[in-house]
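Listed below are the residues making up each chain.
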Amino acid sequence: MGDEWSSDANEAVSIELVEADANALRTLHRFHPKFTYPIFGEEERIFGYKALDITFRFAAHDLRPNCIISYDRKFPAIADTAALDIRDALKDFIPAAAFAKAIDFEETVQNDSSAQDFTPPGKLVKSYSRKGRNFEIWSGSLLDSRVRETINRMQIFISFFIEAGTPLNTTDADWTLDRWTVYFVYEKSSRPSPPTRSPYTFIGYATTYRFYTFRPRYQTSPESGDAHVSDIVLPSKEEITAAALPSRLRISQFLILPPHQSSGHGSALYNSIYSYALADSTIRELTVEDPSEEFDMLRDINDWKVLEPKFAATDVKINTSPFDPSQKRRLRRLPTPKLLPIETLRSIRSETKIAPRQFARQLEMYLLSLIPFSHRAAGGTNLTKLLIQKFKTSDPHDKSYYWWRLILKQRIFKKNRDVLLQLEGNERQQKIDEAARAQEDEYEKLLLIFATSKAKEPLKNGNSETAGEVLVKERKRKLVVDEDEDDDPNSPSLEPDAKVARSDGKIPQF
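Residues numbered from 1 in each chain as written. Predicted model: local features only at pLDDT ≥ 70, side-chain atom pairs only at ≥ 80, totals over all residues. Heavy atoms only, no water.

### A word on the overall build of the chain
So, step 1. Per the secondary structure count, the chain includes 17 helices and 16 strands.
So, step 2. A burial count over the chain gives 45% of its 510 residues as buried.
So, step 3. Partitioning the contacts of the chain with sequence separation of at least 6, the portion at a separation of at least 24 is 71%.
So, step 4. With the model as given, the accessible surface of the chain reaches about 27,700 Å², and the carbon-plus-sulfur share is 49%. (Helix = DSSP H or I, 4+ residues; strand = E, 2+ residues; numbered from the N terminus. Buried < 20%, exposed > 50% of the residue type's maximum accessible area, 1.4 Å probe, protein only. Contact = heavy atoms within 4.5 Å. Areas by Shrake-Rupley, 256 points an atom, 1.4 Å probe, with all protein chains shown as cover.)

Below, the structure is given as structure tokens:
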């Protein structure tokens, strides 16, 4: 009986973007949610209906919502067993106006004479084109009543598409609302349309939040090296706003609707936010709240385009002779190696405003890319021999790779220190090696993506193959992802690979 009356919530729920047309509403896109567990529970099932269909319709321009619930039969209540009250389950996720009659919604959208004059909330910050179509990005503070109205209408998208996402509190105090900025992505069409159709169609959105951050009172003079009191100019009491205080900017929510994904809109949106952070002198760095794997990929690709040229221009590389000969060895211990140009890296990070963890990952990828593929694990280098010779190897590429692995392992150890110190020495080393290899494999995949994107760059020597194609062919021949099916599930482990790979490691500090 349970299966007969139980529906898969992800299949039962559908989302439509609609617009006015000549005689009736026209559906532009129809798609299903990725998640429904915040609304219908962990199993994402709805009990009590046959042929259940829940359709959320949104006006494509202003996201006015309408919810239609239909079914063939409803389970007759027996004692304490009854069909789920769907409207009650949805009431905290969508405005009450969404439950208006379908005919009323259709008449409102179809006959909205103001639609042609509609502009997205906030102000226009970026325009761009994709395949002959025009798009715009608008941004506004959550203090703006139109921004709040639009967010309230679309809050359910958070539960449908953002893992562990939390709807925004749009009734918070003005001081808090002013810390939030919302970015909207719209397509702007120039096609002929009836007078009640807006040229704008919603594509996606993102939200950012400003966290106050302390600035160091003492700074070091680059000329003398002496510490001095930094000059901090505080705004007057009348001028104090969230935007006037030194802050970290955090991307909180980020969504491109499924019909528009993999079309470059995510990068356009991310780069708009990043450009704003760079231009605002009060923002110290740009961070991300609990990013998904998909967003991490997008972020890595776009941050690489920023950092790789800067690393190359400043000749950032591993010092393969890192020991200062003036330092004396004591008790058979080597002095601290000087592997990286720390001051140069600090300067680049400060300039680019990229958060420490993300900067360290990008740096590790860049340093790995400088080592010839044949001298890396993915390219078949002899790790056993390298571990025996260590930094005393005569090959400069092997030296670089040895020190690179040490830098990576150092960061992993710092992140997982409390867990690792509970293990015996050999087991601890094994866990660090496993985590480092998982991270290196991830870097190799990303570097392959970067190499592929350069496949159209011509070789300077006139070869008919491009530089990217040569590198991609070499890597594809040798790059193999190992899958160990013999792992002991009861063995103590570090955090999951993705989390270890995304750790907030602090070695080296920038």
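There's plenty left to go through after this.
### A word on helix H9 (residues 293-313)
So, step 1. Across its 21 residues, H9 extends 30 Å between first and last C-alpha, which sits within 8% of the 30 Å expected from 1.5 Å per residue.
So, step 2. Helix geometry: H9 is bent most strongly at Trp-304, by close to 35°.
So, step 3. Of the positions making up H9, those classed as buried are Phe-295, Asp-296, Leu-298, Arg-299, Asp-300, Asn-302, Asp-303, Trp-304, Leu-307 and Phe-311.
So, step 4. Against strand S15 (247-256), helix H8 (265-279), strand S16 (283-288), helix H10 (342-352), helix H11 (356-370) and helix H15 (425-453) lie the buried residues of H9.
So, step 5. Directly beyond the C-terminal end of H9, a positive phi value near 55° is found at Asp-315. (Expected span 1.5 Å × (residues − 1). Bend = angle between axes of the 7 residues up to and from the residue.)

### Things to note about the side chain of Ser-159
So, step 1. Structurally, Ser-159 can be placed in helix H6 (residues 156-161).
So, step 2. Apart from residues no more than four positions distant in its own chain, Ser-159 is found in contact with Phe-35, Pro-38, Ile-39 and Phe-93.

### Describing the sheet that holds strand S2 (residues 13-19)
So, step 1. The four strands lie next to each other as S3-S2-S6-S7, forming an open sheet whose pairing is mixed. Since the sheet does not close on itself, it has two edges, and those belong to strand S3 (26-31) and strand S7 (65-70), each with one partner. Shown here is a sheet whose adjacent strand axes are inclined to one another by a mean of 25°, direction ignored.
So, step 2. When strand S6 (residues 53-59) meets S7, the two strands line up antiparallel, connected through six bridges. (Pairing = 2+ DSSP bridges. Axes fitted to C-alpha atoms, helices over the stretch in contact; angles between N-to-C directions.)

### What about the sheet that holds S16?
So, step 1. Spatially, the six strands line up as an open sheet ordered S9-S10-S11-S12-S15-S16, and their pairing is mixed. Where the open sheet ends on each side, the last strands, each with one partner, are strand S9 (123-130) and S16. Averaged over all neighbouring strand pairs, the angle between strand axes comes to 25°, with direction disregarded.
So, step 2. Its contacts with the sheet put helix H5 (residues 145-154) on strand S10 (133-141), strand S11 (180-188) and strand S12 (200-212), and the angle it makes with S11 is roughly 75°.

### Side note on the pairing of S15
So, step 1. Within S15, eight of the ten residues are buried, leaving the element largely enclosed by the surrounding structure.
So, step 2. Pairing analysis gives nine bridges linking S12 to S15, with the strands arranged antiparallel. Residue pairing for S15: Tyr-205 is matched across the bridge by Leu-255.
So, step 3. In terms of strand pairing, S15 meets S16 through five bridges, oriented parallel.

So yeah, pure geometry; function would need other evidence.
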